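# Residue-level structure breakdown
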Amino acid sequence: MAQTTGDATAPASVVVVTGQRAALQSAQNIKRNSDEIVDSIVAEDIGKLPDRSITEVLQRVVGVAIDRTMAKGDPEHYSVEGSGVTVRGLTYVRSELNGRDSFSANGGRSLNFEDVPPELMAGVDVYKNPSAEQIEGSIGGLVNLRTALPFDYKGSKVSLSADYTYNELGGKKKPGGSILASDRWKTPVGEFGALVDLAYSESATRTDAFQVEPYYPRTDVVNGRTVWVPKGAQWRTLEFDRKREGYYGALQWQKDSTLKSHLTYFKSKYQMQWDERAIFSQASPYNIRVSPDATYGPNGNLLTGTLTDPADSGINFGGDTRTANRKSDTTDIGWNVTWRPANRWTLKSDLQYIKAKTRSLDSTVATGIQMAKEQVDLSGDVPRLIFDQSDLAYLADPKNYYWAFTMEHMDRSKATGKSWKGDAIYDFEDHPFLKDIRFGVRLSNKDSVTMNSNPSYNWSPISQTWQLGWDINKLASLGDPRFSGNTELHNFNNFFNKNMQVPSLVFPAVSLANGYPDSYAALHKYHDILCTEAHNGDSSSCTPWKAATFGTDPAGTNEQSEKTKAFYTQVRFGFDELKYPIDGNLGVRYVKTDMTARGYVTFKPDYTIPAGNVVTGLPFAVIPAYQSAQDFDNSYHNVLPSLNLRMKASDKLQFRFGFAGAMSRPDFDQLQAYTSLSQKLDITNNGGVTTINSVNQSGEAKGNPQLRPITSRQTDLTAEWYFSPVGSFTVAVFNKQLKDVILKQSLVYQIPDVSGNMQNFVVTGPVNGAKGHARGIELAYQQYFDKLPGWMSGIGMQANYTYVDSKQKLYTPVFSPYCSGGSQAAGLNTSMNGCDTNGQTFNDLPLPLLSKNAYNIALLYDKGPWSARMAYSWRSKNLQAIDVNGTNGGDATDTNPASPTFGQHVLHWALPTWADSFGQLDASIFYQINDKATIGIEGTNLTDAKYRQLMQQHTGMMGRAWFVSGPRYAVKLRYSF
């Protein structure tokens, strides 16, 4: 309300705040008045969240960063709209829908935010410190997605939006739209309201990429010098299509101020399909030759030169056609009743049922080629690959290719959850400092079943160069009429958004990848033909192709049940008469968790003792082979105190202090109860005597059903200055002390021998194996410069910055400078610290996915009918993972002088893979045609930013991959009445 001027009897003028200015004001009020430390993004109207996915929306919040790869273990595939979310550098993030626990069927505990239609959301809240009345399970933060209810509107409301998106790199156009209709009616039995909200959107993007293979140390290339040479460089392109549907409905009823209720139904459906064509080096790194004119960096890394492989008749490359599809949906039904039986009492009941499911098929078929030479220039910002006309002609000729391999993966997950929450609030009314006391209970029951193919990614050779001479005598060449056809020449048009040119290549037809399993069986018959020929017509030693099992092998099944019982009590208070008023809440939450994991234990003795032999040497336990179904129970309880204080230094300046105990349960995929054990004996047979030289009892656990939750004691301190309705400057300092961080280490597993004695097996699997901290600072500022003259008074600015420092300390350190040796500790040393191709490890690696620095800056304009935004989001480099696809192998040089394999190329190596610092510029401009209609244009990634990946080696941070996805543009029309 504007201030009254002149005649006091004159009606007050009303200032109506609209556009993004209204959304920022609403979000600021939420932050200012909340009992907890929270940051929000609010839609100015339904369908008006400012980004194309919930993940993209979240990256604008201070303290929040998003990952840009499709999966943590597969950094080779870029996600245009973003994927995983971290809050204050941590992945321990819990998700809610309207204050209720929500999740996707993916083996984890939170929503895949990219699956949820942003058009259905009224706002997104990110809570940084939990209070006792909030559902347990978040350490990094809690993300609550809010939808609208009918009583949010004064009367009837209809809102429509339509958009059309164009991706510059892929050249495809896709539609989207949403419609909301809401109304409310007064009747003799109370007021009723109904709301329906529907959303649909499609997206088609393309990502092009260059990759450089890891560098190997070579002493045989330049006399008297060790240089580091990759076994090749390569390129790929991926076309990604997705459909996202959302259905939301709400019924609301209110008898009077004492009794009200609402029922909500939410369903999101997500469907994606991506098709990739990629070439990658399969060469032996130690057979690569480098031209004499090659140049090297100061650390010996190759910069320019021509690579050849005369020992193998060319550099062996594989070229794959890969297609993957996924369908997911989540259904959430909630019923809430609020009753005030007396003036001071409020009782609430909240019932929820949630069901989520997903399924996927990932299929790859590949050809191979012996490339004569590859000239590389790795000295610039992006690799340059140079081919002459003979190279181009050779690579475009199908007769020079052979059938290489197939690889399939399947998964299917289903998760259900039922919960009931009951709360009671007693209002103290006129008490001098107590406001109310709250207490409640929550009961929940979750069931999750995930099935993966076994092997999870079933790589099967058709014909490979290493098979020559013992399995087959020649490759399944496309030049052989028996094996020709079913391929296509791919031209890589408009590669890297017209900035690069790469050769055309021959790939398997997409129909072969989509034709699993029949197409796979037909291709592997080529191997059977060649194998039979190599053995003079005898096929008995030719192993036929075997498809991965799916749904029938316990190794691929993870079945979990979880029940929780929680109780909390919390008192809200306020000392309003103090010079600097203080208010807040103090509470404690108790939660008990009971879990059951259904799984298998398998044991296989790995030795053979001839019948009748006398056994001498080391003793060993006799254990018969078996496979046993078992249920594993795990129970634990947590006491989680919390304190939130706010001091109002003035009407504009306030300070907060928060302390809380928090927990994050293990993901369901970390709890899988499948353990395979083996007993290996090193034996010598001589003259009827078997001598046992050594006994090794070990195994591998796909998960650990006895894991405990990660816990944290966390402290927050903020200063918040609200100098105008849409102007604020806030500072937050936080410290999270973590315990029982989950990582992969060794644990002892016991099974009985034939005498009933328990035998110890050293098993590798996830354990609660470390402690650590994440601490830092958040700065946030927003303001419209209303005092500027004329049209410039519509200019505004938003900016935030986050700094996070982390440290992790293992309960049982395993660091060693060398990754040689076959002991369990040596393997853990590699998985925790990484191993270079020179057989040496790295040290002091940070927590994964944590950027030390991140910021957002946005220029805003809101004046009259015009509303615009230009926003830039940036985060510094972060460790993605260790020992993942593309940056690991088994041919590192053993450089440990004490190792029996010193100098041999026999070690498993695993490079730390990093995402380099990355920033993206987005913008939008909207024009309000009248009070009902608005039209606008949005642009995403306007500068065509390159996403760069790094691989850590002893020569430095080397470039691993460069991804380009191009700008996206959307035209939008909104109409409300």
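Below or above, wherever it landed, is the structure these notes cover. Since the model is a prediction, treat every value here as computed from it, not as a measurement.

Time to look at the pairing of strand S1 (residues 38–42). The buried fraction of S1 is high, at five of five residues. Neither face of S1 is left uncovered, since the one carrying Val 38, Ser 40 and Val 42 and the one carrying Asp 39 and Ile 41 both have all their residues buried. Pairing analysis gives five bridges linking S1 to strand S8 (residues 123–127), with the strands arranged antiparallel. What sits directly across from Asp 39, in S8, is Val 126.

Let us look at the pattern of salt bridges. Counted under the stated rule, the structure contains 53 salt bridges. We note a salt bridge from Glu 76 to Arg 960, for which the minimum N-O separation is 2.7 Å. Of this pair, Glu 76 sits in strand S4 (residues 74–78) while Arg 960 sits in strand S49 (residues 956–964), and the two are 884 residues apart along the sequence. Assessed through its relative accessible area of 10%, Glu 76 is described here as buried. One salt bridge in this structure joins Glu 778 and Arg 88, with 2.9 Å as the shortest N-O distance. Of this pair, Glu 778 sits in strand S38 (residues 758–784) while Arg 88 sits in the loop between strand S5 (85–87) and strand S6 (93–97); the two residues are 690 residues apart in sequence, bridging distant segments of the chain.

Our next topic: a positive patch on the surface. On the surface, Lys 269, Lys 327, Lys 357, Arg 359, Arg 412 and Lys 414 cluster together into a patch of positive charge. Take Lys 357: it is sitting in strand S21 (residues 345–371).

This part is about helix H5 (residues 518–534). With 17 residues, H5 should reach 24 Å at 1.5 Å per residue; the first-to-last C-alpha distance of 25 Å fits that figure. Listed in full, the buried residues belonging to H5 are Ser 519, Tyr 520, Leu 523, His 524, Tyr 526, His 527, Leu 530 and Cys 531. Considered in projection along H5, the buried side chains sweep an arc of 130 degrees and stay on one side of the axis. Along H5, exposed side chains directed more than 90 degrees from the buried face belong to Asp 518 and Lys 525. Looking one or two residues beyond H5, the residue adopting positive phi is Asn 536, at roughly 55 degrees.

Here we take up the sheet that holds strand S9 (residues 141–146). Sheet strands associate in pairs through backbone hydrogen bonding, adopting either a parallel or an antiparallel arrangement. Strands sit in the order S1-S8-S9-S6-S7 across an open sheet of five strands; the sheet is mixed. Two strands in the sheet have a free side with no partner beyond their single neighbour: S1 and strand S7 (100–101). Sheet topology note: the S6/S7 ladder contains two bridges and is antiparallel. Bridge pairing links Glu 96 to Asp 101 in S7.

Below, the discussion takes up the nonpolar core. Phe 210, Val 229, Trp 235, Leu 302, Trp 403 and Leu 505 are the most contacted members of the largest nonpolar core, which has 63 residues in total. For this core, the element with the highest residue contribution is H5, accounting for five residues. In this structure, Phe 210 is in contact with Gln 234, Trp 235, Val 382, Pro 383, Leu 385, Phe 495, Phe 496, Met 500, Val 502, Arg 960, Ala 961 and Trp 962, ignoring residues within four places of it in sequence.

Time to look at the packing of aromatic side chains. All told, the structure shown has 35 aromatic pairs when counted by the stated rule. Summarising the aromatic geometry, the rings of Phe 603 and Phe 761 are spaced 5.8 Å apart at their centres and angled 80 degrees between planes, so their arrangement reads as edge-to-face. Of this pair, Phe 603 sits in strand S30 (residues 582–606) while Phe 761 sits in strand S38, placing them 158 residues apart in sequence. Neither residue differs from the other here; Phe 603 and Phe 761 are each classed as buried. The rings of Phe 210, Trp 235, Phe 387, Phe 492, Phe 495, Phe 496 and Phe 507 are connected pair by pair, giving a single aromatic cluster.

The next thing to look at is the state of the cysteines. Under the definition given, this model contains two disulfides. Note that Cys 531 is cross-linked by a disulfide to Cys 542, the S-S spacing being 2.0 Å. Given an S-S torsion of about -95 degrees, the disulfide between Cys 531 and Cys 542 has left-handed geometry. One end of the pair, Cys 531, is in helix H5; the other, Cys 542, is in the loop between H5 and strand S29 (557–575), and eleven residues separate them in sequence. Relative accessible area serves as the criterion here: at 0%, Cys 531 is assigned to the buried category. We classify Cys 542 as buried; its relative accessible area is 10%.

What counts and what doesn't
- Residues numbered from 1 in each chain as written.
- Predicted model: local features only at pLDDT ≥ 70, side-chain atom pairs only at ≥ 80, totals over all residues.
- Heavy atoms only, no water.
- Buried < 20%, exposed > 50% of the residue type's maximum accessible area, 1.4 Å probe, protein only.
- Helix = DSSP H or I, 4+ residues; strand = E, 2+ residues; numbered from the N terminus.
- Pairing = 2+ DSSP bridges.
- Salt bridge = Lys/Arg side-chain N within 4 Å of Asp/Glu carboxyl O.
- Patch = residues over 30% accessible without salt bridge, like charges linked within 9 Å, V, L, I, M, F, W, Y side chains within 5 Å.
- Areas by Shrake-Rupley, 256 points an atom, 1.4 Å probe, with all protein chains shown as cover.
- Lys, Arg positive; Asp, Glu negative; His and termini not counted.
- Charge placed at Lys NZ, Arg CZ, Asp CG, Glu CD.
- Expected span 1.5 Å × (residues − 1).
- Arc of directions from axis to C-beta.
- Core = buried A, V, L, I, M, F, W, Y, C linked by side-chain atoms within 4.5 Å.
- Contact = heavy atoms within 4.5 Å.
- Phe/Tyr/Trp six-rings, centres within 6.5 Å; stacked < 30°, edge-to-face > 60°.
- Disulfide = S-S within 2.5 Å.

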